[in-house]
Amino acid sequence: MGFFSWLKTQFLCHLLLGYVFVCSGLAINAMQLLTLFIWPFSRTVYRRINCRLAYSLWSQLILLLERWSGTTCTLFTTRATYDSFGSEHAILILNHNYEIDFLCGWTICERFGVLGSSKVLAKRELLHVPIIGWMWYFMEVVFCKRRWEEDRDSFIKGLHNLHDYPEYVWFLLYCEGTRFTEQKHRVSMEVADSKGLPRLKYHLLPRTRGFTTTVQCMRGMAAAVYDVTLNFRHTKTPSLLGILYGKKYYADMCVRRFPLEDIPKEEKECAQWLYQLYQEKDALQEEYERTGSFPGPVFVPPLRPWALINWLCWALLLLVLLGSFIWGVTCSGSTFAIVALLIVLTTVSLGVRRLIGVTEIEKGSSYGNQEVEKKSQ
């Protein structure tokens, strides 16, 4: 093990990363709160500022993936599709098999300049979570309770509100609704059998309601649906913990572009289109398992320096402030202040250790067959 590989496994490094992320996140939330005063005068200016603030936070996670762990993301797609990235609004469909699949999706967003304006469908519980939930609130992310009758109006309104967004929006959907496990797959295929649908080997049965509603609401705005099928070389099963400890993974992503006008407008036909898409995704995964590669031309988007520059600026600022604070407390000679500082540092350390054990922040899902665990009604 080299020195830098050893360094990436050390708790103090993890503590530094956590400190910078948490403190910068709270500072960004405070700045976002101030931007609310801009909203009544110019929604465009408000949104552009918040896109930059969102980038400042999310790019720190991309830094972990790209620079800290050295994970690579290779695209298998056509030249025409590759050239369209970052120049149009789009709906992204990504398979949900891995802990870090959202990070791989975000790193592609970063490479093509749409990370700050990327959107997800988030569980309403996250709205009350500092940093992440508050960030999404200011970014006009759609929150849901996962009960369609209660969410329908707010879901549709939230999507329609994006039509005048000044930045290119990539809206990420996990149509399977939950991460793939063998137990969930077994129940999901029982649902497929009951509906007379073909079985899938590598995916859960997609939930169609969220997708069909999203397509309907984003017509006239989004130009295409990007179908992204993700896998990892050497049959690796990546984890957030592995990323934190500097483990390198090799992600392969097959991306297919479908113009939105080619997708059926009627809900039933649109749902059938999605079912067919997942059969094709299953075939792509079958080919990958057999050959170790997806079909099509290969592209490796170049790394951009902005995520690293952003993190270095935050780290320098926050470490200077922390050093000044510790020096001031130490020089004060106050026993109470020193003990209080030690308690705070210990609490933060324990908190970061708990965060290290968290392997995923579960995002909200699209609607439809919500009872994957309980079977379809």
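Nothing here was measured: the structure is a model prediction, and the numbers come from that model.

Student: Whenever I open this one, the sheet that holds strand β1 (residues 72-76) confuses me. Can you help?
Tutor: Sheet strands pair by backbone hydrogen bonding; their relative direction is either parallel or antiparallel. Sheet architecture is open: eight strands sit in the order β4-β3-β5-β2-β6-β7-β1-β8, paired in mixed fashion. Across the chains shown, the open sheet's two edge strands, defined by having one partner strand only, are β4 (142-144) and β8 (298-299). Bridging between β1 and strand β7 (residues 250-259) involves five bridges; their strand directions are parallel. The partner of L75 across the bridge, within β7, is M253.

Student: Please explain unusual backbone geometry as it appears in this structure.
Tutor: Trans peptide bonds make up most of the peptide bonds, and negative phi angles are found at most residues other than glycine. At I131, a position not held by glycine, the phi torsion is positive, near 70°. Among the structural elements, I131 can be located in the loop between β3 (119-123) and α6 (132-138). Of note, the phi angle at E140 is positive, near 60°, even though the residue is not glycine.

Student: Just checking my understanding: could you explain the pattern of salt bridges for this structure?
Tutor: For side chains of opposite charge, pairing can occur when their charged atoms come near one another. Evaluation of the coordinates by the stated rule reveals 16 salt bridges. Measuring nitrogen to oxygen at the nearest pair gives 2.5 Å for the salt bridge that ties E167 to R52. Here R52 lies in helix α3 (residues 43-68) and E167 lies in the loop between α7 (148-160) and β5 (170-173), a separation of 115 residues in the sequence. On the basis of relative accessible area, E167 is assigned to the buried category, the value being 15%.

Student: Before we go on, may I ask you to explain the UniProt feature "domain: Phospholipid/glycerol acyltransferase" (unreviewed entry) in the protein in this structure?
Tutor: UniProt's entry tags residues 90-212 with the feature "domain: Phospholipid/glycerol acyltransferase" (unreviewed entry), counted in the numbering of this structure. Taken as a whole, residues 90-212 contains 41% helix and 14% strand, while its terminal C-alpha atoms sit 14 Å from one another.

Student: What am I meant to see in the packing of aromatic side chains here?
Tutor: Aromatic ring pairs are described here by two measures, namely the spacing of the ring centres and the angle between the planes. By the definition in use, this model includes 20 aromatic pairs. Both rings, one in F3 and one in W6, keep their centres 5.9 Å apart while their planes meet at 35°; by these two values the pair is tilted. In this pair, F3 and W6 both sit in helix α1 (residues 3-7), three residues apart, roughly one turn of the helix. Overall, F3 belongs to the exposed group, its relative accessible area being 54%. Exposure remark for W6: the relative accessible area of 42% places this residue in the partly exposed category. Summarising the aromatic geometry, the rings of F76 and F294 are spaced 5.9 Å apart at their centres and angled 75° between planes, so their arrangement reads as edge-to-face. One end of the pair, F76, is in strand β1; the other, F294, is in the loop between α11 (267-291) and β8, and 218 residues separate them in sequence.

Rules behind the numbers
Residues numbered from 1 in each chain as written. Predicted model: local features only at pLDDT ≥ 70, side-chain atom pairs only at ≥ 80, totals over all residues. Heavy atoms only, no water. Pairing = 2+ DSSP bridges. Helix = DSSP H or I, 4+ residues; strand = E, 2+ residues; numbered from the N terminus. Salt bridge = Lys/Arg side-chain N within 4 Å of Asp/Glu carboxyl O. Buried < 20%, exposed > 50% of the residue type's maximum accessible area, 1.4 Å probe, protein only. UniProt positions renumbered as here; feature names shortened; annotations may be inferred. Phe/Tyr/Trp six-rings, centres within 6.5 Å; stacked < 30°, edge-to-face > 60°.

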